[in-house]
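Listed below are the residues making up each chain.
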Amino acid sequence: MKLYNLKDPEQVVDFATAVRTGLGNNRGLFFPRSIPPLNNINELLNMPVLERNQHILRAFVSDNIDDQALQQIIEETFSFPAPLVQVEDHIHCLELFHGPTLAFKDFGARFMARCLQHFATEQKITILTATSGDTGAAVAHAFHGMDNIEVVILFPKGKISELQQKMFTTLSGNIRTVAIEGDFDDCQKLVKSCFDDPQLVQAVGLNSANSINVSRLFAQICYYFDGLAQLPAAQRDQTVVAVPSGNFGNLCAGIIAKTLGLPIKRFIASTNLNDTVPRYLQDGVWSPNNTVETLSNAMDVSRPNNWPRIEYLMTSGQFDRSLLTGLAVDEAKTADTLRHLFAQGYLSEPHAAVAYQGLHDSLQPDETGVFLGTAHPAKFKSAVEEILDTELDLPQAIADCARLPDLSVDMPADYAALRDLLMS
Ligand SMILES: *Cc1c(COP(=O)(O)O)cnc(C)c1O
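Residues numbered from 1 in each chain as written. Predicted model: local features only at pLDDT ≥ 70, side-chain atom pairs only at ≥ 80, totals over all residues. Heavy atoms only, no water.

A few points about the overall build of the protein chain
As a reminder, the rule being used: In this description a helix means any DSSP run of H or I spanning at least four residues, a strand means any run of E spanning at least two, and both kinds are numbered starting from the N terminus. Each radius of gyration is computed over the set of C-alpha atoms, and the globule rule expresses the reference value as 2.2 Å times the number of residues to the power 0.38. Each residue is assigned to one of three classes by its accessible area relative to the maximum for its type, calculated with a 1.4 Å probe on protein chains only: buried under 20%, partly exposed between the two thresholds, exposed over 50%. Throughout, a residue-residue contact means that at least one pair of heavy atoms, one from each residue, lies within 4.5 Å. Throughout, the Shrake-Rupley method with a 1.4 Å probe supplies accessible areas, and for residues the shown protein chains are the sole cover considered.
For the protein chain, the helix and strand inventory stands at 18 helices and 14 strands. Taking 22 Å as the expected radius of gyration for a compact globule of 424 residues, we find that the protein chain reaches 20 Å, a close match to that expectation. Judged by the C-alpha coordinates and their principal axes, the protein chain covers about 60 × 50 × 40 Å. The buried share of the protein chain, taken over its 424 residues, is 60%. In the protein chain, of all internal contacts separated by at least 6 residues, the share reaching a separation of at least 24 is 74%. With the model as given, the accessible surface of the protein chain reaches about 16,000 Å², and the carbon-plus-sulfur share is 48%.

The following block contains the structure:
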């Protein structure tokens, strides 16, 4: 399937080029012009998960990856489960946090890393990525130890939890981490400036592993199918999916799944106080406010970089705008929701709680709700412990990192400084 640049429709590339270059001309996002529906959805939903994923992804990557190679990439990427856990009558959590860094970003990052490795040529590649939390860990672990691929991760200094930080700042070798004096949007701006510098791009083989990379998005389509496959067949077409959103890659993947024919009834875009999209869906005006810090800090984004893809699916008539509603959840409500879930025997964390709230507010009696569990509660240990007045055990993966020294370096939000670091 060819991909084209949403800002420069003349630029049409294959999957390999889109994965290698990340962004197109004019900082445009690559995306399929149209997404052809799959015609055997029920059959797909009854298949073993790896076989199903092969059918879904083949359509997107077959120009560049043959079936045998794809099978191996899929086996290595989807090496952990995504269980659907019932939380209360009619409401389930699709738990996407059973991978190596305990967050859903493992799916996209692991798929992207293996695709890039498959396309690797002699030239060195530098992955430059900004993270507001979980991307950093997922990307660092996905690429750690790969030959010829250098990884540089920017994160807003002091704005993510210590444990979250330790999950990517403690790896050595080909992983370098930089604490930027600013917020996540500053980090994203720096990344964009680098991609606007053709000399730099060429010199270090610059590539981004942010959710703007279309390979990550494609991998994420698969778990929406997995989620519905775990529901009784009779409930599937009444399913409402609530997605805790920041950069809106996750929701975009869900909408692609629906465009492929997955019978999701409608979506809820749940955000924290960074509510650009819920306000936009309400009144049609796009007016980002300054980013504010919240309990669900991986969603502290006021200019979501995947939104143009969702907008495109709507304006091109492939996805019906009325099937998407937004909800912004404030801090007090997020904490209340966590307590409500805990009282019912379900230990969660702030991001998933924001999504759950979207279902709680709008689910109709004949509907089935699925909210996405994007991170393991222990990744937000101190916030969760304080709100629930309980103590959490650290999973082994986190406990191991927590003991290691932090190897990150500090840097002002300054392009020249970052350029020097990348060139060195
Ligand atoms: C990244 C992240 C999100 C937001 O996902 P987007 O695809 O950026 O909308 C939600 N929850 C957690 C835990 C995350 O790490």
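Description of the site of the ligand
Applicable threshold: For this description, a residue counts as near a given molecule or strand if any of its non-hydrogen atoms is within 4 Å of it. What qualifies as a polar contact is a pair of N or O atoms within 3.5 Å, subject to a donor-acceptor requirement within protein and to the restriction that residues adjacent in sequence count only when both atoms come from side chains. Here the term charged refers only to Asp, Glu, Lys and Arg, the term nonpolar to Ala, Val, Leu, Ile, Met, Phe, Trp, Tyr, Cys and Pro, and the term polar to all other amino acids, Gly among them.
Near the ligand, the surroundings consist of 15 residues, among which Lys105, Asp134, Gly246, Asn247 and Thr374 are the closest. Note that an oxygen atom of the ligand is positioned 2.8 Å from one of the backbone N or O atoms of Asn247. Within the side chain of Thr374, one N or O atom sits 2.8 Å away from a nitrogen atom of the ligand. Expressed as a share of its isolated accessible area of 380 Å², the protein-covered part of the ligand is 97%. Across the shell around the ligand, the residue classes break down as six nonpolar, seven polar and two charged.

Some remarks on the environment of Gly22
Assignment of secondary structure puts Gly22 in the loop between α1 (15-21) and β3 (30-32). Sequence separation between Gly22 and His98 is 76 residues; the distance between their C-alpha atoms is 27 Å.

Comments concerning the UniProt feature "domain: Threonine synthase N-terminal" (unreviewed entry) in the protein chain
Worth spelling out the cut-off: UniProt positions are given in the numbering used here, feature names are shortened, and annotations may be inferred rather than shown by experiment.
Using the residue numbers shown here, the UniProt feature "domain: Threonine synthase N-terminal" (unreviewed entry) corresponds to residues 10-78. Secondary structure across residues 10-78 divides into 52% helix and 10% strand, with the first and last C-alpha atoms of the span separated by 34 Å.

Digging into the nonpolar core
Stated formally: Buried Ala, Val, Leu, Ile, Met, Phe, Trp, Tyr and Cys residues form a nonpolar core when they are joined through side-chain atoms within 4.5 Å.
Grouped together as the largest cluster of nonpolar side chains are 102 residues, with contacts concentrated most on Phe15, Ile127, Phe143, Ile221, Tyr224, Phe225 and Ile256. The leading source of residues in this core is helix α10 (residues 214-229), at eleven residues. Setting aside anything within four residues of it in sequence, one finds Phe143 in contact with Met112, Ala113, Leu116, Ile127, Ile149, Val151, Asn174 and Ala209. Counting 23 residues, the second-largest nonpolar core is a separate cluster that includes Ala130, Val204, Leu206 and Ile212.

Details of helix α6 (residues 134-143)
Burial of α6 is extensive: nine of the ten residues sit out of reach of the surface. Those residues of α6 that sit buried are Asp134, Thr135, Gly136, Ala137, Ala138, Val139, Ala140, Ala142 and Phe143. Those residues of α6 hidden inside the fold are in contact with α5 (105-119), β6 (125-130), β7 (149-156), α7 (162-169), β8 (175-181) and α10.

Overview of the pattern of salt bridges
Our working rule: By definition, a salt bridge exists where a carboxyl oxygen of Asp or Glu is found within 4 Å of a side-chain nitrogen of Lys or Arg.
Summed over the entire model, instances satisfying the criterion amount to 17 salt bridges. Note that Glu150 and Arg176 form a salt bridge whose closest N and O atoms lie 3.3 Å from each other. Linking Glu150 in strand β7 with Arg176 in strand β8, this pair joins segments that are 26 residues apart in sequence. On the accessibility criterion, Glu150 (21% relative accessible area) is partly exposed. Overall, Arg176 belongs to the partly exposed group, its relative accessible area being 27%. Asp197 serves as the salt-bridge partner of Arg419, at 2.6 Å between the closest nitrogen and oxygen. You can see Arg419 sitting in helix α18 (residues 415-423) and its partner Asp197 sitting in the loop between α8 (184-195) and α9 (198-204), a full 222 residues away along the chain. Connected through shared salt-bridge partners, Lys265, Arg266 and Glu367 make up one network.

Some thoughts on α5
Every α-helix winds through 3.6 residues per turn, so residues three or four apart in the chain are directed the same way. Which entries qualify depends on this criterion: Here the expected length of a helix is defined as 1.5 Å per residue gap, with one fewer gap than residues.
Between its first and last C-alpha atoms α5 spans 21 Å; for 15 residues at 1.5 Å apiece the expected length is 21 Å, and the two agree. For α5, a buried count of 13 out of 15 residues is recorded, marking the element as mostly surrounded by other parts of the structure.

Considering the sheet that holds strand β10 (residues 239-244)
The line we're drawing: Strands are labelled as partners when DSSP assigns at least two bridges between them. Here an axis means a line fitted to C-alpha atoms, over the contact stretch when the element is a helix, while the angle between two N-to-C directions is reported on a 0 to 180 degree scale.
Across the sheet, six strands lie side by side as β4-β5-β13-β10-β11-β12; this open sheet has mixed pairing. Both outer strands of the open sheet, β4 (84-88) and β12 (324-328), are each paired with one neighbouring strand and no more. Here the average twist between neighbouring strands, direction ignored, is 25 degrees. Pairing geometry for β4 and strand β5 (residues 91-95), over four bridges, is antiparallel. Bridging across to β5, Glu88 finds its partner in Ile91.

A word on the packing of aromatic side chains
Heads up, the condition is: Here a Phe, Tyr or Trp ring, Trp counted by its six-membered ring, pairs with any other such ring whose centre lies within 6.5 Å, and the pair is stacked when the planes are under 30 degrees apart, edge-to-face when over 60, and tilted otherwise.
A full pass over the atoms with the stated rule returns 16 aromatic pairs. Consider the rings of Phe80 and Phe107, whose centres lie 4.7 Å apart with planes at 50 degrees: the pair is tilted. Of this pair, Phe80 sits in the loop between α4 (67-77) and β4 while Phe107 sits in helix α5, and the two are 27 residues apart along the sequence. In terms of burial, Phe80 and Phe107 fall into one category: buried. Judged by centre distance (5.2 Å) and plane angle (85 degrees), the ring pair of Phe155 and Phe168 falls under edge-to-face. Here Phe155, found in strand β7, pairs with Phe168, found in helix α7; they are 13 residues apart in sequence, far enough to count as distant. Like Phe168, Phe155 is buried.

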